[in-house]
Amino acid sequence: MIRKFPTLWTLFSVSMVVALLLGACGGGTPSTDSADVAEASEDGAEGEFVCPEPNPKLEVTSTEFNLFVWTEYIPQDAIDCFEEVYGISVNRDEYSSNEELYAKLNAGGATYDLVQPTDYIVPLMIRQGLLEKLDKKKLPVLAGFDPNYLNLPFDPNNEYTIPYQAGTDAIVVNTDAVQTLPTKWADLWNPDYAGRLVSLDDSRVIIGATLLTLGYDLNSTDAAQLEEAKAKLAELVPNIKLFDSDSPKTALIAGDVDLGITWTGEAFLAQQETPAIQYVYPEEGAILWQDNYTIPVGAAHTDAAYAWMNYSMQPELFWQMLREFPYTNPSTATLEFAKANHPELHEAYINSNITNTPAEALANGKRLQDIGEAAPLYDRVFTEVKGE
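To start, this report covers the structure provided alongside it.

Criteria and thresholds
Residues numbered from 1 in each chain as written. Predicted model: local features only at pLDDT ≥ 70, side-chain atom pairs only at ≥ 80, totals over all residues. Heavy atoms only, no water. Disulfide = S-S within 2.5 Å. Helix = DSSP H or I, 4+ residues; strand = E, 2+ residues; numbered from the N terminus. Buried < 20%, exposed > 50% of the residue type's maximum accessible area, 1.4 Å probe, protein only. Contact = heavy atoms within 4.5 Å. Polar contact = N/O pair within 3.5 Å; in protein donor to acceptor, adjacent residues only side chain to side chain. Core = buried A, V, L, I, M, F, W, Y, C linked by side-chain atoms within 4.5 Å.

**Here's the deal with the state of the cysteines**
Here's step 1: Per the counting criterion, the structure on display carries 1 disulfide.
Here's step 2: A sulfur-sulfur separation of 2.1 Å characterises the disulfide bridge that pairs Cys51 with Cys81. The S-S bond linking Cys51 to Cys81 shows a torsion near -80 degrees; that makes this disulfide left-handed. Residue Cys51 is located in the loop between helix H2 (33-41) and strand E1 (64-70), and its partner Cys81 is located in helix H3 (residues 76-86); the two are separated by 30 residues in the primary sequence. The exposure classification of Cys51 matches that of Cys81, with both residues buried.

Structure follows, in structure tokens:
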């Protein structure tokens, strides 16, 4: 996941302004002065974002901070402001899969202070002794989070993690380019889609979706079922033009592919650029996920890690995720702030069936879980099918 696309959102913002002006000329409801003032109050004289004060400001002695995070997932303003208000240099490395994150930490020698694992790999990291328990007294920001994203089975009582963003993996399709629209994972095997798909480069997601088409649990550890999934997945490969977990929307927007498997935020941003792009929750069930912050064992700058989590996710900064990386935001306080101060972003977020997942899709959704010793088998199946 780098998840920053100011060009797309600039175009979207301009179109919103034009629409509002035309609506006012045609007798529609004009934008209110108070909303305009609220929007402008966070900008400097030259339109630059004014960094909010930390609330609260934690005592920090570290002078640097090492992040290891998904690509396209942190607003640049968050980094710039943190460096400004705390006087701390932020060093950021990025990864494109949980397996890459795990391998690097498990190999030892890593010097990271904060990482962003997805829910299913957290139990494995805990068992391997890779994560520190959190001191939640140092995380007042949690008071503004939706309880639905806390105390989940992968980390009871949030002993090790706090939520960052949530979302789904489902089907994305350009309805202008595809005549026979998919409604389930199994439809992606349609030979008419040969060479027209983009797929996440993610063994758990793609093998999991394949298992669902066979009527199996997406967390199956049964060797026979995984061999059957391998053969089934091999039949899908001719339809896949590229595997891309960095920016799958790019090929969709460019028209290089017509459909595929992607995340919430990538689909939403692609749709803003090309309205014909739609997000389909497959009948077998979309894959639900949650990314989280956690501190690796041996982190040298834990004071900076706590300061970062509180500051970057306080509403005055965290609202930018709705603009730049629009996944499902777990912070109720942030959504309330956006509604009051950035109503056009909040409205787009709430009214989208991509970011605001329908209740029926959530009820039918499936979550990846820790598969223990079967993890290498998934990696082998995926590698062999891709021909690597």
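**Considerations on the environment of Ala304**
Here's step 1: Structurally, Ala304 is set in helix H10 (residues 302-312).
Here's step 2: Residue classification places Ala304 among the buried residues on the basis of a relative accessible area of 0%.
Here's step 3: Residues Ala304 and Leu58 lie 246 residues apart in sequence; the distance between their C-alpha atoms is 8.8 Å.
Here's step 4: Setting aside its immediate chain neighbours within four residues, Ala304 contacts Val60, Ser62, Glu64, Phe65, Phe82 and Ile88.

**Some remarks on helix H6 (residues 203-213)**
The α-helix winds at 3.6 residues per turn, so residues separated by three or four positions along the chain end up facing the same way.
Here's step 1: In terms of residue burial, H6 counts as a mostly covered element, since 10 of its 11 residues are buried.
Here's step 2: Its side-chain oxygen 3.1 Å from the backbone nitrogen of Arg204, Asp202 forms the N-cap of H6.
Here's step 3: Two residues or fewer past H6, Gly215 is found with a positive phi of approximately 85 degrees.

**Here's the deal with the nonpolar core**
Here's step 1: Core analysis: the largest hydrophobic core is formed by 98 residues, its most contacted members being Phe65, Tyr293, Trp308 and Met309.
Here's step 2: At 7 residues, the largest contribution of residues to this core is made by H10.
Here's step 3: Counting 16 residues, the second largest nonpolar core, distinct from the first, contains Ala170, Val172, Tyr279 and Ala286.

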